[in-house]
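Chain residues, written in single-letter form:
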Amino acid sequence: MQFITQAVIRGWAIILLAVLLVVTAASLFTAQINPQYRSTSQLIVVPNKQVEDARNVLRSLETLERRTIVATYARIPPQKNTIDAAAKQLNINPTALTAYSIRSTVVPNTNIIRIDVEGINPATTAAVANALARSTSDIAKDIYRIYDLRLLSEAQPAANPVRPNWSRNILISIILGLGLGVLTAIGVESFRARCSEK
């Protein structure tokens, strides 16, 4: 332990240089990454308004508890026909949406479907998320007619990107730089010790 402490004290300049080099490299790498923004729209699965009988409403709600229906609905947003329908709503070429990452999940223990869209333009990303929600709702009507997908919350343009995460990348680079610097300092100190013994 004393040897390591001595190596760190004597090799402080090496450690500092290692940290600076790694942080600089991480900063340059992070600066080259295009910012990615995420917007989220949410749909809720509810019995269709045409289901008026109380027993049928209760039966439909009990069926939702099996989770397979909601899980099936959650598979609709990333499908090609849904994306094509969303592109048509936005008056853009469907191939333009290949640049966007689309992910849909079921919020745990709910009948809520979350649609996450990531892209380089925050306004377009929100528009795509909302268009997907509408397309999903339309397509779902032909699957289970006793249920509706209603828009619970619209996607809003994100103010800040989700990637790259500058603070996380810099923190990791500092830790890596410190580790590399300490190992280098210990190696240099070991070399000095062997040389002095000769």
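Residues numbered from 1 in each chain as written. Predicted model: local features only at pLDDT ≥ 70, side-chain atom pairs only at ≥ 80, totals over all residues. Heavy atoms only, no water.

**Section: unusual backbone geometry**
With an omega dihedral of -5 degrees, the bond running from arginine 163 to proline 164 counts as a cis peptide bond. With respect to the element layout, proline 164 can be found in the loop between β4 (147-153) and α7 (166-197). Look at asparagine 91: it is not a glycine, yet its phi comes out positive at around 60 degrees. (Helix = DSSP H or I, 4+ residues; strand = E, 2+ residues; numbered from the N terminus.)

**Digging into the sheet that holds strand β2 (residues 101-106)**
With antiparallel pairing, 4 strands are arranged side by side in an open sheet as β2-β3-β1-β4. The sheet is open, and its two edges are formed by β2 and β4, each paired on a single side. Averaged over neighbouring strand pairs, the angle between their axes works out to 25 degrees when direction is ignored. Pairing of strand β1 (residues 37-47) with strand β3 (residues 112-119) involves 8 bridges; the strand directions are antiparallel. Residue pairing in the sheet places serine 41 in a bridge with isoleucine 115 of β3. (Pairing = 2+ DSSP bridges. Axes fitted to C-alpha atoms, helices over the stretch in contact; angles between N-to-C directions.)

**Examining the pattern of salt bridges**
Under the counting rule described, the total for this entry stands at 4 salt bridges. Note that arginine 114 is salt-bridged to aspartate 116, the shortest N-O span being 2.9 Å. Of the residues examined, arginine 114 reaches a relative accessible area of 31% and is grouped as partly exposed. Under the relative-accessibility criterion, aspartate 116 is labelled buried at 9%. A salt bridge links arginine 163 to glutamate 118; the nearest nitrogen and oxygen atoms lie 2.8 Å apart. With arginine 163 in the loop between β4 and α7 and glutamate 118 in strand β3, this pair connects stretches of sequence that are 45 residues apart. Its relative accessible area of 10% is what places glutamate 118 among the buried residues. (Salt bridge = Lys/Arg side-chain N within 4 Å of Asp/Glu carboxyl O. Buried < 20%, exposed > 50% of the residue type's maximum accessible area, 1.4 Å probe, protein only.)

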